[in-house]
Amino acid sequence: MANILIVEDDRNSAEMLEALCTADGHSCSIASDLADARQQILVHGPDIMLLDLHLPDGSGLELFEDESIRRNTEIILITGNASVETSVKALRLGAADYLIKPVSAAKLSTVIARTLSSPGTDPAADAGDADNAEPAARKAGASGKPGGDEGFCGMRGSSSPMQAIQERIRKVARTSVSVFVVGESGTGKELVAQAVHAMSRRSRGPFKAVNCGAISEQLIESELFGHEKGSFTGAIKQHKGIFEQADGGTLFLDEITEMSAELQVRLLRVLETGTFNRVGSTSTLSSDVRVVAATNRDPMTAVEEGLLREDLYYRLNVFQIQVPALRERISDVREIADHFVAEHNRREKTNFRFTEQAYAALEAYDWPGNVRELRNVVHRAAILTEGDKITIIDLPEAANGHDDHEADERSDDETETDVATVSVPMQDERFERGEAVCILPITVGMTIAEAEKILILATLEQHDGAKEATAQTLGISMKTLYNRLRSYEEAKAETS
């Protein structure tokens, strides 16, 4: 049990909090202002402080300026306004958690229990059981990164934008406040939500995710809150909703702006009270859930367009994490691509790797589809490559630095000249040693296109199928070589 100091100038609220805490077996003292709070801290040395931000002689934030208080006491904020800037500032300074007035008994009890279970306040940790008190996902290797070689909770990239996100995740994860993740499609918003969960005190609880835009309006209410048997056509048995399933854990609501306005009202009530009803039931249920919401829209624009209720926005946006587009952290592309190709290698028992030219092409692309598009490009390239190296020619047209219609827009004379006027340079060591030298069957009367095909395929064979070396030997672009090989395959398919 804990020694709790309640710093609250409203006497009725203070006494109510005291009654709730003592009912759970905690010892309590009350301070009505900052001066009284400082005196009580010296006398009682509280384990936990329930702190109202607005006090007669100043702001509760002033107590955060005393390092000895922050080091020895866990502070839980209490406020009547979830969106106030000072509340967010206090969280960044190290507040353990956040409660909205009026405070429910169940919520207060849960938050205090969770705060006591954190390292530094849990008696079990003092007795040598710190590993049991600390979420496994927060244990770091020598690098200090949760997950060790698996990146930061599965997130890849060491660029400045990613380091900033990781720091924000660390700060907010130790609280239970709502988090709003904003970013373009494909940037990895769910990974951010999973990282918040993995580093929190709720990491042993469930993580549930719902895409609000992927479920029909008729079904999403049942999906969120559950339903009773017979409550609507097709409800053949009782169903527990995501809020029940995520009890004690984290609920990720993706694309929150796709939820209907009516359902947003219900969601707001659940977030404020922690209670809800299954569809077709009048019984009130409760659930202790930390909500992480996400959208690929600008939140304020969504509010202005009526896609997101303003009151719900402020309730969700206690702490916002902006996920950068991949083009804003292009230095991470190589690391992410290596991760995806390693993933493919493990799954398919292959040994693919990128050439430097392929890396350069990936880093020169602006990735409108973000990390999701990069993953698809890597997996596609691994399927197309003929050797164990993924080259620029294995990449899609958009990602290899060439326009889709570049070759088509060139005249036949121009494209044929690329190959027909060149001779094979005798630079390869095999040629210099006189090995594998062949006489090509080129005869008078043969078309340039036919002679070109013979020369290209013979040079490709000479280089054991290495397209980059073939293009370099012939003195043509990778684009031209790719187009020629594709046309040969198409012609072969038509005649077969």
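As the structure is a prediction and not an experimental result, all values here were calculated from the model.

Novice: Would you mind going over the packing of aromatic side chains with me for this structure?
Specialist: What characterises a pair of aromatic rings is the spacing of the ring centres plus the angle enclosed by the ring planes. For the coordinates displayed, the defined rule picks out seven aromatic pairs. Measuring from centroid to centroid gives 4.6 Å for Tyr-365 and Trp-367, while their planes differ by 80°, and the two rings are edge-to-face. Overall, Trp-367 belongs to the buried group, its relative accessible area being 0%. Linked through ring pairs, Phe-180, Tyr-313 and Tyr-314 together constitute an aromatic cluster. Over the ring of Tyr-359 we find Arg-334; its NZ or CZ atom is 4.0 Å from the centre of that ring. The ring of Tyr-488 carries Lys-453 above its face, with NZ or CZ at 5.3 Å from the centroid.

Novice: Quick question: what am I supposed to make of the confidence of the model for the chain here?
Specialist: Close inspection of predicted coordinates is inappropriate in any region flagged by low pLDDT. Mean pLDDT over the chain stands at 79; residues scoring 70 or higher make up 80%. A low-confidence stretch, residues 119–149 stays under pLDDT 50, and its non-local contacts, those more than four residues away or across chains, total 41 contacts. Here residues 402–437 is a poorly scored stretch, pLDDT under 50, and it has 48 contacts once near neighbours within four places are set aside; other chains count.

Novice: Just checking my understanding: could you explain the sheet that holds strand β13 (residues 290–295) for this structure?
Specialist: The strands making up a sheet are joined through hydrogen bonds of the backbone, oriented either antiparallel or parallel. Taken together, the five strands give an open sheet; going across it, the order is β9-β10-β13-β8-β14, and neighbouring strands pair in parallel fashion. Unpaired on one side and paired on the other, β9 (207–211) and β14 (319–322) mark the two borders of the sheet. Strand-to-strand twist in this sheet, taken as the mean axis angle between neighbours without regard to direction, amounts to 20°. Pairing analysis gives five bridges linking β9 to strand β10 (residues 250–254), with the strands arranged parallel. In the sheet register, Phe-207 faces β10, and the bridge partner there is Thr-250.

Novice: Looking at this structure, I do not really get the pattern of salt bridges. What am I missing?
Specialist: Pairs can form between side chains of opposite charge once their charged atoms are near each other. One pass over the full model with this rule turns up 18 salt bridges. One salt bridge in this structure joins Asp-288 and Arg-202, with 2.8 Å as the shortest N-O distance. In this pair, Asp-288 is assigned in the loop between β12 (284–286) and β13 and Arg-202 in the loop between α8 (189–198) and β9, connecting sequence segments 86 residues apart. In this pair, the class of Asp-288 matches that of Arg-202, namely buried. Put simply, Lys-107, Arg-202 and Asp-288 are held in one network by salt bridges that share partners.

Calculation criteria
Residues numbered from 1 in each chain as written. Predicted model: local features only at pLDDT ≥ 70, side-chain atom pairs only at ≥ 80, totals over all residues. Heavy atoms only, no water. Phe/Tyr/Trp six-rings, centres within 6.5 Å; stacked < 30°, edge-to-face > 60°. Buried < 20%, exposed > 50% of the residue type's maximum accessible area, 1.4 Å probe, protein only. Lys NZ or Arg CZ within 6 Å of the ring centre and 35° of its normal. pLDDT = per-residue confidence, 0-100. Contact = heavy atoms within 4.5 Å. Pairing = 2+ DSSP bridges. Helix = DSSP H or I, 4+ residues; strand = E, 2+ residues; numbered from the N terminus. Axes fitted to C-alpha atoms, helices over the stretch in contact; angles between N-to-C directions. Salt bridge = Lys/Arg side-chain N within 4 Å of Asp/Glu carboxyl O.

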